[in-house]
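A look at the structure
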Amino acid sequence: AMRRWGAVAPAASVLRTMARPSATGAVSPFAAAVNACFNVENAMGLLSVRWATKKAGGSSRNGRTSEPKMLGVKKFGGERVIPGNIIIRQRGTKFRVGDNVGVGRDHTLWALVEGHVKFAWDNLRKQNIVSVVPPLKYGDICTHKALEARAHNHLDRAMGFLGQAKFAYSCAGEEGAARTEALKHAISRVVSKAEQMPKLRLTGCAPKFEDQ
């Protein structure tokens, strides 16, 4: 490239010499043409680059939107539900149907009766089972689990189950109110064990009743 431009440079100097005015001051047509070619504006026009004017086409993968499906767990374990409440929205049967739970065509699970949501693991199918337990029965289950946790020195876990049992009994009406004394006795057993063994201390508070 350097040789090519070096060869053009002497030719340009020769043309400029030939285009000079004569001694009388007259400019020949050849000189006028050469001067026009070496004009600055014409030279910039020759060096300009014409860019593409074709508009880029858009991709066919863009421009689509879809409504959110709102999938997931809507009611967790221990929550109170009434008939018709949606428990889980899912695609497929990752969560299987248990007692008092209905399933729709889109695999949505909802409650058939009033009660509390319970999740369990099925070792045979290797899947989660979702069921709705009536309030009175759910309170008894939580009380039993609390006593088991107390036997294994898991006092905070026991207090958590007793709190759930208290809430379940409050939703069971008069039958739940009749279990209040048994629930208070279970709470006192957990608190007494925490007082007897200094290493086992409660970080949370015990469930309180209206008469306390």
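Structural data are supplied above this passage.
Presented here is a report on the structure given in the accompanying data block. As the structure is a computational prediction, the values presented were derived from the model and not from experiment.

Reading the values: rules and limits
Residues numbered from 1 in each chain as written. Predicted model: local features only at pLDDT ≥ 70, side-chain atom pairs only at ≥ 80, totals over all residues. Heavy atoms only, no water. Helix = DSSP H or I, 4+ residues; strand = E, 2+ residues; numbered from the N terminus. Buried < 20%, exposed > 50% of the residue type's maximum accessible area, 1.4 Å probe, protein only. Contact = heavy atoms within 4.5 Å. Areas by Shrake-Rupley, 256 points an atom, 1.4 Å probe, with all protein chains shown as cover. Axes fitted to C-alpha atoms, helices over the stretch in contact; angles between N-to-C directions. Parallel < 35°, antiparallel > 145°, perpendicular 65-115°, else oblique. Left-handed = near helix turned anticlockwise from the far one by under 90°. Nonpolar A, V, L, I, M, F, W, Y, C, P; charged D, E, K, R; others polar. Pairing = 2+ DSSP bridges. Core = buried A, V, L, I, M, F, W, Y, C linked by side-chain atoms within 4.5 Å.

**Let's talk about the overall build of the chain**
- Summing up its helical and strand segments, the chain has 7 helices and 8 strands in all.
- Every one of the 212 residues in the chain was classed for burial, and the buried ones make up 24%.
- Taking as baseline every contact in the chain between residues at least 6 positions apart, the subset at least 24 positions apart corresponds to 51%.
- About 15,400 Å² of surface is accessible on the chain, with carbon and sulfur atoms providing 57% of the total.

**Brief notes about the packing of helix H4 (residues 135-151) against helix H7 (residues 180-196)**
- Close contact between H4 and H7 brings their axes to 11 Å; oriented N to C, the two are set at 15 degrees. In terms of orientation, H4 and H7 fall into the roughly parallel class. Taken as a pair, H4 and H7 cross one another with a handedness that is left-handed. Counted together, Thr143, Leu147, Arg150 and Ala151 of H4 and Leu183, Ala186, Arg189, Val190 and Lys193 of H7 form the full contact between these two elements.
- Tallied by class, the residues present in the contact of H4 with H7 amount to 5 nonpolar, 1 polar and 3 charged.

**Overview of the pairing of strand E8 (residues 127-133)**
- Of all 7 residues that make up E8, 6 are buried, and the element is covered over most of its length.
- Where strand E4 (residues 95-97) meets E8, 3 bridges bridge the pair, whose relative direction is parallel. Residue pairing in the sheet places valine 97 in a bridge with valine 130 of E8.

**Here's the deal with the sheet that holds E8**
- Strand order in the open sheet formed by 4 strands is E2-E7-E8-E4, and the pairing between neighbours is mixed. Where the open sheet ends on each side, the last strands, each with one partner, are strand E2 (80-81) and E4.
- As defined by bridge partners, strand E7 (residues 115-122) adjoins E8 across 7 bridges and the pair is classed as antiparallel. Opposite alanine 120, over in E8, you have isoleucine 129 as the bridge partner.
- Strand contacts of H4: E7 and E8, with the helix running at about 55 degrees to E7, the strand carrying the most contacts.

**A few points about the nonpolar core**
- Ranked by internal contacts, the top residues of the largest apolar core, which has 19 residues, are Leu162, Leu183 and Val190.
- Beyond its immediate stretch of four places on either side in the chain, valine 190 contacts Arg150, Leu155, Ala158, Met159 and Leu162.
- By size, the runner-up hydrophobic cluster in this structure holds 10 residues, among which are Ile87, Phe95, Ala111 and Val132.

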